[in-house]
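Commentary on secondary and tertiary structure
Below, each chain spelled out in residue letters.
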Amino acid sequence: MLDSSSTVLASNSAALLSRRAARAEQPCFHCGNANPPGTQWTAVFDGADRQFCCGGCLAIAQTIRAAGLTAFYARRTAPAARPGSAEDWLGYDAAGETAGWIVRVDADLRETSLLLEGIQCAACAWLNEEYLKRQAGVVAVSVNLATRRALVRWDSRATRLSAVLRAIAAIGYRAYPYDPKRREALAKRERRALLTRTAVALLAMMQVMMFALPGYLSADGVEPQFQALLGWASLVLTLPVVLYSAAPFFRRALRDLRLMRMGMDVPVALGVGGAFVASAWATITANGVVYYDSVTMFVALLLCGRYVELRARQKAGEALEHVAPELPATAERLTAYPRELTTDVVAAVALQTGDVVRVASGAVVPADGEVVDGRSSVEERILTGESWPRTTAPGDPVLAGSINRDSPLIVRVRKAGPATALAQIARLAERAANERPRLAKLADRAAAWFVATLLLIALATAIGWWLTDPTQTLAVTFAVLVVSCPCALSLATPTALAAAVGALGRSGVLVVRGHALEALARARHVVFDKTGTLTTGDIRLINVVALGSHDRDACIAIASALEQGSTHPIARALSGHWASPTVDAVTAVLGSGVEGLIDGRRYRFGRPQWVQELHGRAPPDVNDVAPAATAVALADESGWLGWFAFGDALRPGVRALVDDLSSQGLALTLLSGDRATTAASVARSAGIAQVQGDARPEDKRAFIAGLQQGGVSVAMVGDGVNDAAALAQADVSLSLGSASDLARWTSDVVLLGDDIGRIAGALAIARRTRHIILQNIAWALAYNAVAIPLAVSGALTPLAAAVGMSASSLLVVANALRLGRDAAWAPDRRSDVVTAQLGSGGATS
Amino acid sequence: MEILYLLIPLSVVLAFLIGGAFWWSVKSGQFDDLEGPAHRIIADDDSPP
């Protein structure tokens, strides 16, 4: 099955869709479902007339044949999954190119990110990787187990996206180009299926226990005719548990065996299957012992654990499903520019190089390009982290994702869709996330050893008892398999993680990726971004120095009067201030400032050099006012009046957080894309000693990589798309809920709301979680060390083994749930330490 | 004790009925949101959210 790509289709006779009526009741050739009566979807395949249930199945079968993979139908052991609809598959080829899922790497290479449904374990990831690699035209595949994403790169001359999707479907998985809405539906399906399986097992467990009770309670045994009746009733109830509830265990165990590897599911499947078959045989022949109660209890408890884990994992992810695209969905294209200014609305992804678009004031720029008409200022915070707008004039470049602040711009598109800088940063981050080394591998390998050893012990036990006391062989072997079920071991980590994730989630800290807590507990160095992370990202008036005849308040009054009616951030920063005099003849000079008349006197408010032109006096010595902030001067024709400092304000709680983290022995660094002086000033007021300004996204990533090379585990707290690469590089990344959506997507932990102080709490919980995981693993190992010898010696009945296993698992779960109950940290503790903003005094900055 | 020949099969049938009812309730989405309805009933406002 794995090398079907090498198979060449023998018969290539053209025989396509014909509208013949169906003759016999065949199942659908592709998916195996019943065909609707008189199906019109038929085609000749392998020299025989085949019927299909729908156009989707037929289309897929034909594409598979076209790709020379018909051998799939001969080699498959089960029918393929039925596709949702025909468009869902074939439409991806064309839509992928326009919607930007498919990325052109060069002339022939294409790349896409796929969300894989049905990935259960490392084996699945491995299987998908290997199978896809063997497909003709597929160049590279990388499957991320934690995020269940596959990064696939292929040669467009040899294959297509739809063929890749089908290849994945052929081995029993499904793949979708990533789409949050689809992911939500997927999560719901997964949750419902597991919930039903668990409920069936629990229900059967209770009833089967009821039937088993007489056997345990009566001293001299149940009368044979009732024993048989109870046996048959239990058999009927256990059947759905084994065939339906435990089906996933069997499926995964089979796959593990086929791949010659040892998973946790192998002993589970062996134990459940063996005990059930032996019990059924005993019931049918009315001779022997039955273990229905142990079987149902075993399956029910296992599924309970899995459900709790799944639920916690999904809950954490749910809040992230509402990620809105950063780019506008539509753009106003000027079809006949410059002759006419008529616009038509097109999808932003459909823009092409050379198109001319109009960007309304306040709108997001839809593509990278060059301004051809209009003067305005654009805010590129999402791209650069810089909160100050940049003025643009014809000829200046603008980047997709930035916001046009002041007036409409006409932009000629240079790069659109996936070619934009924004999309490239996004992909960079995604690739970094996909290529992260999988820590989980180690745990899997350890489990595989454990399972292999366990199976050997079970086998040795079976042989030993077969030689000494054949009647006890089955009971003892089953007891060994059940008692040592690596449940406690396999529950030890996920339940503790789930409980911690739940506790954090309730207090507004979302853990998005499984490894985040583990990495948080190990983190030794915390790197902060500045704009929007340590600071609020809003521009505020920090300080005013009066230089002339007017006092401070009068200066502010004049300045806010001049800025009235402007949408510039400075105007917004001043808008909360005093009632103002009326102004005449206001002119705004873009990139410089405003000029106006108040009571007949001419004032200028803006860039100092420009203001100086009004009176020509030397600038005052006011550098100590606020070296880090942006200086704006106010003057009239006779001289300087006031010196204003505007800047970003520190987030409340930053000081407390920094003190807290420092006292925990963590090293702290501030990395910023802003000017070095600004960064240094913010670092000083936050209490962070190590600081680096003027850092480009690549510099940030490199800085973190440098720390990691020194063996330090790094946590990165960031915001903004330009941080995405750094966030992905860090061992664990955190972002604030107000951060841009992409950063949220890339980061492992999201703090909802603006309380940055929660980071300290998250670190504390992470460390407690690690502690509890270690406790759990220690318990599980100790339990096995005692229970396995007991079981091997035959001292345990299968039921006692099942009870022991369950008790052990419950203990582990209860221990883990402690994390959720006593939230050992109070997020509110910090909010009353609303501290040291840069404040009104110049001293702090 | 012959009543057991009726009661035990009956309990099995009941278990299957309950299982079926549960399957239906899961399928119809009653377990998709276990928290929302609890809050919704306290909400004073009768109009849909």
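Rules and cut-offs
- Residues numbered from 1 in each chain as written.
- Chains lettered and ligands numbered in written order.
- Predicted model: local features only at pLDDT ≥ 70, side-chain atom pairs only at ≥ 80, totals over all residues.
- Heavy atoms only, no water.
- Helix = DSSP H or I, 4+ residues; strand = E, 2+ residues; numbered from the N terminus.
- Buried < 20%, exposed > 50% of the residue type's maximum accessible area, 1.4 Å probe, protein only.
- Contact = heavy atoms within 4.5 Å.
- Areas by Shrake-Rupley, 256 points an atom, 1.4 Å probe, with all protein chains shown as cover.
- Patch = residues over 30% accessible without salt bridge, like charges linked within 9 Å, V, L, I, M, F, W, Y side chains within 5 Å.
- Salt bridge = Lys/Arg side-chain N within 4 Å of Asp/Glu carboxyl O.
- Buried area = accessible area lost by both parts, 1.4 Å probe.
- Polar contact = N/O pair within 3.5 Å; in protein donor to acceptor, adjacent residues only side chain to side chain.
- Pairing = 2+ DSSP bridges.
- Phe/Tyr/Trp six-rings, centres within 6.5 Å; stacked < 30°, edge-to-face > 60°.
- Lys NZ or Arg CZ within 6 Å of the ring centre and 35° of its normal.

1. Observations regarding the overall build of chain A
- Assigned secondary structure in chain A consists of 28 helices and 29 strands.
- Going through the 845 residues of chain A one by one, you find that 53% of them count as buried.
- Taking the contacts inside chain A whose residues are at least 6 apart along the sequence as the reference set, 67% of them involve residues at least 24 apart.
- About 35900 Å² of surface is accessible on chain A, with carbon and sulfur atoms providing 58% of the total.

2. Points about a nonpolar patch on the surface
Residues and elements named next belong to chain B.
- A cluster of nonpolar side chains, Ile-3, Leu-6, Leu-7, Leu-10, Val-13, Leu-14, Leu-17 and Ile-18, forms an exposed patch at the surface whose accessible area comes to about 740 Å².
- Among the structural elements, Leu-14 can be located in helix H1 (residues 4-27).
- On the basis of relative accessible area, Leu-14 is assigned to the partly exposed category, the value being 45%.

3. Looking at the interface of chain A and chain B
- Tallying the contact residues gives 19 residues for chain A and 19 residues for chain B.
- Buried area between chain A and chain B, both sides added, is near 1600 Å², and the carbon and sulfur share of it is 74%.
- Our count for the chain A to chain B interface comes out at zero salt bridges.
- The tally of links between chain A and chain B comes to three residue pairs in polar contact (both at pLDDT 80 or more).

4. Some details on the sheet that holds strand E15 (residues 403-404) of chain A
Residues and elements named next belong to chain A.
- With antiparallel pairing, the three strands of this open sheet are ordered in space as E13-E12-E15. Every other strand in the sheet has two partners, leaving strand E13 (390-392) and E15 as the edge strands with one partner each.
- Here strand E12 (residues 376-379) runs beside E15; their pairing, made up of two bridges, is antiparallel. Of the residues in E15, the one forming a bridge with Glu-379 is Ile-403.

5. Quick look at the packing of aromatic side chains
All names here are of chain A.
- Taken as a whole and assessed by the stated rule, the structure comprises six aromatic pairs over all chains.
- Centre to centre, the rings of Trp-640 and Trp-643 are 5.5 Å apart; their planes meet at 65°, and the pair counts as edge-to-face. Summarising the burial analysis for this pair, Trp-640 and Trp-643 share the class buried.
- Taking the ring centre of Trp-610 as reference, the NZ or CZ of Arg-604 above it sits at 4.2 Å.

6. Description of the pairing of strand E28 (residues 732-736) of chain A
Residues and elements named next belong to chain A.
- Burial within E28 is extensive, with five of its five residues counted as buried.
- Examined bridge by bridge, strand E27 (residues 714-718) and E28 share four bridges and lie parallel to one another. The residue of E28 that forms the bridge with Ala-715 is Val-732.

7. A closer look at the pattern of salt bridges
All names here are of chain A.
- For the structure on display, the rule yields 11 salt bridges over all chains.
- Of the charged contacts, one joins Arg-604 and Glu-595 as a salt bridge, the two residues approaching to 2.6 Å between their closest N and O atoms. Here the two residues Arg-604 and Glu-595 agree in accessibility, since each one is buried.
- Here the salt bridges share partners, and the residues they tie into one network are Glu-595, Arg-602, Arg-604, Glu-613 and Glu-637.

8. Notes on unusual backbone geometry
Residue and element names in this part refer to chain A.
- Non-glycine residue Asp-599 carries a positive phi angle of around 50°.
- Looking at the element boundaries, Asp-599 is found in the loop between strand E21 (593-598) and strand E22 (601-606).
- Owing to a relative accessible area of 70%, Asp-599 belongs among the exposed residues under this scheme.
- Backbone geometry places Asp-694, a non-glycine residue, at a positive phi of 50°.
- Checked against the element boundaries, Asp-694 lands in the loop between strand E26 (690-692) and helix H23 (697-709).

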